[in-house]
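Coordinate analysis (summary)
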Amino acid sequence: MQKFGMGQAVRRFEDERFIRGDGCYIDDIKLDGMAHAAFVRSPYAHAKIVSIDTSEAEQAPGVIRVLTHKDVKAAKLGAFPTLTAIDGIDENGVAVPPRRALTGGEVKYVGDPIAMVIAETIDQARDAAELVMVDYGSKPAVTDLKTVLDKKTPVIWRKLKSNRVYHFHKGDQSKTGKAIKSAHHVTSLELVNNRVSPSAVEPRGAIGDFDASEGQYVLHISGQAVFGQRGQMADAIFKVPHDKIRVVMPDVGGGFGAKNFVYPENVMVLLAAKLCGRPVKWIAERSENFLCEIHGRDHLTKVELALDEDGHFLALNVETKANMGAYLSSYATIIPTSASWVALGGPYVIPAMSMSVDAVFTNTVPVDAYRGAGRPEAAYLMERVVDLAAHEMGIDPLQLRQRNYIRSFPHKNALGMVIECGAFAENLELAGENAGFATFEERCKASRNSGRLRGRGVSSYLELTLGMPADDSEIRFDDDGGVTMLVGGASTGQGHETTYRQIINDELGIAPDKVRYLQGDTGLLPSGGGHGGSRSLKIVGSSLFIAAGEVRNKGMTAAAHVLEAPVDRIEFRDGLFSVTGTNRQIDVLELEEALRNASDLPKGVPASLTSKGHFQREANSFPNGVHIAEVEVDPETGAVSLERFTVVDDFGRIINPLIAEGQVAGGAVQGIGQAMLEGVVYDEDGQLISGSFMDYAMPRADDLSAIDVTFNQDHPSKTNPLGVKGAGEAGATGAPPAIVNAVVDALKDLGVRHVDMPLTPHNVWRAIQG
């Protein structure tokens, strides 16, 4: 049993079917009579739609129907919802212009969907989409985050007074301002958190169906939060009871937050299925995915850090412009606000903090949650300004961090967050040892001898587990002698099928091949919070752990009956119920079989061991750690080479070290990609310049070094029965500042103070020349 129990580095159970090609992804699904859809999208970032002529497209071969905004209006579909109840928004509230499934008045970004063509084949649908004639009246586009609030900048939404979505503030502005004014030293920095495209290996896709006999819409999606999407569509868009929409999620090839949201295509395949009387499939092409999937990050921030003469932090002031894109996506409003301030200040003691955010509209793809969703932004600005302050004050960056770490727990920071536990100084020391700090100067000398500059960068990050705060699980014993675990979470490649089996194996002794895994279907599960915010193991795993405990509780009574002994003589160990002092014993599955075959059970003895578990988050847990990057820079070309990357992470208890290490490495690669290569670029007319992998640089194996990962498990969280803290987003949080700090360290003798991401050869070379 222990070979598959908690704490073991077990290979992923689900990988065998993926390797064999037995996975079932959205494009593998083929329903009877299924038609195919293609969308007509705006080539303009901002334009008035003068007219739409679909007549030629409707006569094209294979075309079943062409839908426009008139069909959306006739179906009385509501506007897309977004979160607006956020503490800290000023009295003006959140500006929420209506977003419809198809646009009819003005297009607001390149890729805005205007019409949908449904045909017998995808090629016929795409060919016919080119025959839809749209007459546009072009308008000025707004894409520059620096000038978006200037008076001379055009206002995107006519009914609004400006391009501001909302103003947010958190913290004590007066106390922070006074501390900065009287401080011995203040480090100021303006930085960009560059816009990125999530770019999962599987693009988005959706299949709509409609059961006329039940009046139920059925949506199959490559998605994440099936219950969240069902609720939003039922309440705000289709305006039907929740049980009239069923959302089903097959295997998903990556999400990274971007597949959590209600998109126009998801809504339209449902409407089309109802109007056409047959299922309708839409699969995004890769170039289309760049245009129609949310982007992440895209902040312009000014940060000030005040210090006393000994280098102790006194105050932190943060002012950010956050790009929302052309419309407000489902959770866009919380990413730069309540998902960010909760991690502000990181692992440091800072007596005063103030954070303000102006969220703005631009004529670009909407922006929402991307791996980390607010916490990487907070970590990046913190770790960059700490490093810069160290250089300005002539203090070693490692010593400055050690001097300011939180060392007494629980710690309530200046914004009210209670940080439960951690060993920040210990993690930094261990990471330094693993990174070979003792021989760093030798490597620097070797680099100089070869005409290159070497630098190292440290990132000491702190994040926290967010996402939906509660979830339910069920361990259901089946008639065939197996077990089905029903979970409300959603795996898009994280290894949940394995990790949850390990919990069941550890708690109940049930072999993994006896356990089925069921997720992502609102028709078969009662509820679910999906995944996001690194919540899965803490919330879903804990609910499964509680369900297993209930199985054991029921089993004690049942075993006493079957083994004919008093309950107080029954014990459970290593998957077996036994009578103390005897050799009479029975395992969990045998006990369930005995109950199933019993003809007459006495009162109080359960008929089945099937049990449910519920877990509600009462307090946050705080994953934390240290990332150290070591780079070489060619001063002649600006090319950056990543030579070493070292990680020490505190995730509390580790259920599966192999999977956790994979999560760290994958997240770190995304963070390294953002820091070194990736960047969504629009021109002044709002055209997407980086609309393919020819122009949008994804990290490849030869861009990376080995990633050395060590876990510090000496400080488990007490906020959940598993002792876990969350692992999914830490890599993407810690990596970007480590990379930038390393490059700036390599260039510091040339007078380089800061380089904005991405650190492409051109951007680094330009910084050197400057």
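Read on for an overview of the structure. These figures come from a predicted structure and were not determined experimentally.

So, how was this worked out
Position labels on residues start from 1 in each chain and follow its written sequence. The predicted nature of this model means local features are confined to residues of pLDDT at least 70 and side-chain atom pairs, given and counted, to a pLDDT of 80 or more, with totals for whole chains, interfaces and linings taken over all residues. The basis for every side-chain value is the complete set of heavy atoms in the structure, and neither hydrogens nor water enter the calculation. Between N-to-C directions, angles span 0 to 180 degrees; the directions come from axes that are lines fitted to C-alpha atoms, helices contributing only their stretch in contact. Note on conventions: DSSP H or I runs of at least 4 residues are helices, E runs of at least 2 residues are strands, and numbering of each starts at the N terminus. By the definition adopted for this analysis, an angle is roughly parallel if under 35 degrees, roughly antiparallel if over 145, roughly perpendicular if from 65 to 115, and oblique otherwise. Each crossing gets its hand from how the near helix is turned against the far one by less than a right angle, where anticlockwise is left-handed and clockwise is right-handed. In what follows, a contact means two residues having at least one pair of non-hydrogen atoms within 4.5 Å. Any residue that is not Ala, Val, Leu, Ile, Met, Phe, Trp, Tyr, Cys, Pro, Asp, Glu, Lys or Arg is counted as polar, Gly included; the first ten are nonpolar and the last four charged. For every residue, the accessible area obtained with a 1.4 Å probe (protein chains only) is divided by the maximum for its type, and the residue is called buried under 20%, exposed over 50%, and partly exposed between those limits. DSSP calls a pair of strands paired once it identifies at least 2 bridges connecting them. Whether a crossover is right-handed comes down to one check: with the strands pointing away from the viewer, does the path from the first strand over the helix to the second run clockwise; if it does, it is right-handed. Polar contact is defined as a pair of N or O atoms within 3.5 Å, subject to the rule that within protein one atom must be able to donate a hydrogen and the other to accept it, and that residues adjacent in sequence are counted only when both atoms are side-chain atoms. Each patch groups residues whose relative accessible area exceeds 30% and which form no salt bridge, using 9 Å between like charges and 5 Å between nonpolar side chains of Val, Leu, Ile, Met, Phe, Trp and Tyr. Surface exposure here means Shrake-Rupley accessible area, sampled with a 1.4 Å probe, where a residue is shielded only by the protein chains that are shown. Here, a salt bridge means any Lys or Arg side-chain nitrogen found within 4 Å of an Asp or Glu carboxyl oxygen. Positive charges come from Lys and Arg, negative ones from Asp and Glu, while His and the chain ends are left out of the count. Where a charge lies is defined by one atom per residue type: Lys uses NZ, Arg uses CZ, Asp uses CG and Glu uses CD. Grid points spaced at 1 Å over the protein atoms alone were grouped into cavities, where a 1.4 Å probe fits but cannot get out, and pockets, open sets with protein on both sides within 12 Å along at least five of seven lines, with lining residues defined by an atom within 4 Å of a point. Grid points are joined across faces, edges and corners, and a volume is the space filled by probe spheres set on the points. Note on aromatic pairs: the rings of Phe, Tyr and Trp (six-membered ring only in Trp) are paired at centre separations within 6.5 Å, and the planes decide the class, stacked below 30 degrees, edge-to-face beyond 60, tilted for the rest. Geometrically, a lysine NZ or arginine CZ counts as sitting over a ring once it is within 6 Å of the ring centre and also within 35 degrees of the ring normal.

**What about the packing of helix α9 (residues 375–393) against helix α17 (residues 730–747)?**
With their axes 8 Å apart at the nearest point, α9 and α17 run at an angle of 25° to one another. Taken as axis vectors, α9 and α17 run roughly parallel relative to one another. Where α9 crosses over α17, the two elements pack in a sense that is right-handed. Only Ala-732, Thr-733, Pro-736, Pro-737, Val-740, Asn-741, Val-744 and Asp-745 of α17 make contact with α9, whose side of the interface consists of Arg-375, Pro-376, Ala-379, Tyr-380, Glu-383, Arg-384, Asp-387 and His-391. By residue class, the composition of the contact of α9 with α17 is eight nonpolar, three polar and five charged.

**Thoughts on the pairing of strand β21 (residues 515–518)**
The alternating pattern of β21 places Val-515 and Tyr-517 on a buried face, while none of Arg-516 and Leu-518, on the opposite face, is buried. Where strand β20 (residues 483–487) meets β21, four bridges bridge the pair, whose relative direction is parallel. If you follow Met-485 over to β21, its bridge partner there is Tyr-517. What joins β20 to β21 is helix α13 (residues 496–508), and the crossover it makes is right-handed.

**Quick word on the side chain of Ser-536**
Here Ser-536 is to be found in helix α14 (residues 536–562). Within the structure, the side chain of Ser-536 is placed 3.4 Å from the side chain of His-496, a separation counted as a polar contact. Excluding its chain neighbours within four sequence positions, the residues that come into contact with Ser-536 are His-496, Tyr-500, His-531 and Gly-541.

**Concerning the sheet that holds strand β27 (residues 640–650)**
One open sheet accounts for four strands, arranged β18-β26-β27-β28; its pairing is mixed. The strands lining the two open edges of the sheet, one partner per strand, are β18 (453–462) and β28 (707–711). Pairwise comparison of adjacent strand axes, ignoring direction, gives a mean angle of 10° for this sheet. Strand direction decides the pairing type here: β27 and β28, joined by five bridges, are parallel. From the neighbouring strand, Asp-649 faces β28, where its bridge partner is Phe-711. Helix-sheet contacts for helix α12 (residues 440–449) involve β18, β26 (624–633) and β27, and the interaxial angle to β18 is about 140°.

**Brief notes about a negative patch on the surface**
On the surface, Glu-426, Glu-429, Glu-433 and Asp-714 cluster together into a patch of negative charge. Along the chain, Asp-714 falls in the loop between β28 and α17.

**What to know about empty space enclosed by the protein**
Taken as a whole and assessed by the stated rule, the structure comprises five cavities of 30 Å³ or more. Empty space within the largest cavity amounts to approximately 100 Å³. As for the largest cavity, its lining consists of 13 residues, and the residues nearest its centre are His-299, Thr-301, Thr-320, Glu-377 and Leu-381. Taken together, the elements giving at least two residues each to the lining of the largest cavity come down to β8 (185–193), β13 (299–307), β14 (313–323) and α9. Ranked by residues supplied to the lining of the largest cavity, first place goes to α9 with three residues. Class assignment for the residues of the lining of the largest cavity results in seven nonpolar, five polar and one charged. The volume enclosed by the second largest cavity comes to roughly 60 Å³.

**Some remarks on unusual backbone geometry**
Peptide bonds are mostly trans, and most non-glycine residues show a negative phi. Here the residue pair Phe-409 and Pro-410 is connected by a cis peptide bond, since its omega of -5° sits within 30 degrees of zero. You can see Pro-410 is positioned in the loop between α10 (397–404) and β16 (411–412). Note the cis peptide between Met-757 and Pro-758, where omega equals -5°. In this structure, Pro-758 sits in the loop between α17 and α18 (761–769).

**Side note on the packing of α14 against helix α15 (residues 588–597)**
At their nearest, the axes of α14 and α15 sit 10 Å apart, and the two run at 60° to each other. Relative to α15, the element α14 lies oblique. For the element pair α14 and α15, the recorded crossing hand is left-handed. Two secondary-structure elements touch here, α14 through Val-551, Gly-555, Ala-558, Ala-559 and Val-562 and α15 through Val-588, Leu-591, Ala-594 and Leu-595. Considered class by class, the residues forming the contact of α14 with α15 number eight nonpolar, one polar and no charged.

**A closer look at the pattern of salt bridges**
Here the structure, examined in full by the defined rule, presents 39 salt bridges. The closest approach of N and O atoms between Asp-358 and Arg-164, which form a salt bridge, is 3.0 Å. Separated by 194 residues along the polypeptide, Asp-358 in strand β15 (residues 352–360) and Arg-164 in strand β7 (residues 164–171) bring together distant segments of the chain. In this structure Asp-358 comes out as buried when scored by relative accessible area, which is 16%. Of the residues examined, Arg-164 reaches a relative accessible area of 35% and is grouped as partly exposed. Close ionic contact of Glu-632 with Arg-454 constitutes a salt bridge, the shortest N to O distance being 3.3 Å. Of this pair, Glu-632 sits in strand β26 while Arg-454 is found in strand β18, placing the two residues 178 residues apart along the sequence. Across the pair, exposure class does not vary: Glu-632 and Arg-454 are buried alike. One salt-bridge network, held together by shared partners, links Arg-17, Asp-251, Glu-497 and Arg-501.

**Side note on the sheet that holds strand β19 (residues 470–477)**
Paired through backbone hydrogen bonds, the strands of a sheet run either parallel or antiparallel to each other. Strand order in the open sheet formed by four strands is β21-β20-β19-β25, and the pairing between neighbours is mixed. Since the sheet does not close on itself, it has two edges, and those belong to β21 and β25 (611–616), each with one partner. Across the sheet, the mean angle separating the axes of adjacent strands is 15° when strand polarity is ignored. Alignment of β19 against β25, held across six bridges, turns out to be antiparallel. Paired with Ser-473 across the strands is Gly-613, a residue of β25. Its contacts with the sheet put α14 on β19, β20 and β25, and the angle it makes with β25 is roughly 140°.

**Some thoughts on the packing of aromatic side chains**
Taken as a whole and assessed by the stated rule, the structure comprises 19 aromatic pairs. Through a chain of ring-to-ring contacts, the aromatic side chains of Phe-313, Tyr-348, Tyr-405, Phe-409 and Phe-424 assemble into a single cluster. Taking the ring centre of Tyr-263 as reference, the NZ or CZ of Arg-204 above it sits at 3.5 Å. Over the ring of Phe-440 we find Arg-456, and its NZ or CZ is 4.7 Å from the ring centre.

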